[in-house]
Amino acid sequence: MPIPPDGPGEVLVAVRGGSEAYTAWSATAIGRDVRIVVVDSVSARTVVVERLPS
């Protein structure tokens, strides 16, 4: 799910040999199928992300 600049979205994060969905927040909008990096953890299932620099 894309991440709007002022609301939550969802990302898949590689964890323990698989992938898990997390609620994600970002300061800027991030579209679908964009590689991201997790920069902070808000709670056990919520992260702050940024677009992965190319």
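Everything below is about the structure printed above this text.
As the structure is a computational prediction, the values presented were derived from the model and not from experiment.

Draft legend 1. Geometry of the overall build of the chain. Of regular secondary structure, the chain possesses 0 helices and 4 strands. Listed N to C, the secondary structure of the chain is β-β-β-β in terms of helices and strands. Its C-alpha atoms give the chain a radius of gyration of 10 Å, near enough to 10 Å, the size a compact globule of 54 residues would have. By its C-alpha atoms, the chain is 30 × 25 × 20 Å across when sized along the principal axes. The 54 residues of the chain split such that 24% are buried. Nonlocal contacts in the chain, meaning residues at least 24 apart in sequence, comprise 22% of its contacts between residues at least 6 apart. Here the chain displays about 3800 Å² of accessible surface, and carbon together with sulfur accounts for 55% of that area. Of the charged side chains in the chain, 5 are positive and 6 negative, and the gap between their average positions amounts to 6 Å.

Draft legend 2. Broad picture of the nonpolar core. Counting residues in each nonpolar core, the largest one holds 9 residues, listed as Ile-3, Val-11, Val-13, Val-15, Tyr-22, Ala-24, Ile-30, Val-47 and Val-49. Mapped by element, the contributors of at least two residues to this core are strand S1 (9–15), strand S2 (18–25) and strand S4 (46–51). Take this core: its biggest share by element is 3 residues, from S1. Ignoring anything within four residues of it in the chain, the contact list for Val-11 reads Ile-3, Glu-20, Ala-21, Tyr-22, Ala-24, Ile-36 and Val-47.

The rules behind the values
Residues numbered from 1 in each chain as written. Predicted model: local features only at pLDDT ≥ 70, side-chain atom pairs only at ≥ 80, totals over all residues. Heavy atoms only, no water. Helix = DSSP H or I, 4+ residues; strand = E, 2+ residues; numbered from the N terminus. Rg over C-alpha atoms; globule rule 2.2 N^0.38 Å. Buried < 20%, exposed > 50% of the residue type's maximum accessible area, 1.4 Å probe, protein only. Contact = heavy atoms within 4.5 Å. Areas by Shrake-Rupley, 256 points an atom, 1.4 Å probe, with all protein chains shown as cover. Lys, Arg positive; Asp, Glu negative; His and termini not counted. Charge placed at Lys NZ, Arg CZ, Asp CG, Glu CD. Core = buried A, V, L, I, M, F, W, Y, C linked by side-chain atoms within 4.5 Å.

Function cannot be read off these values alone, since they describe shape.
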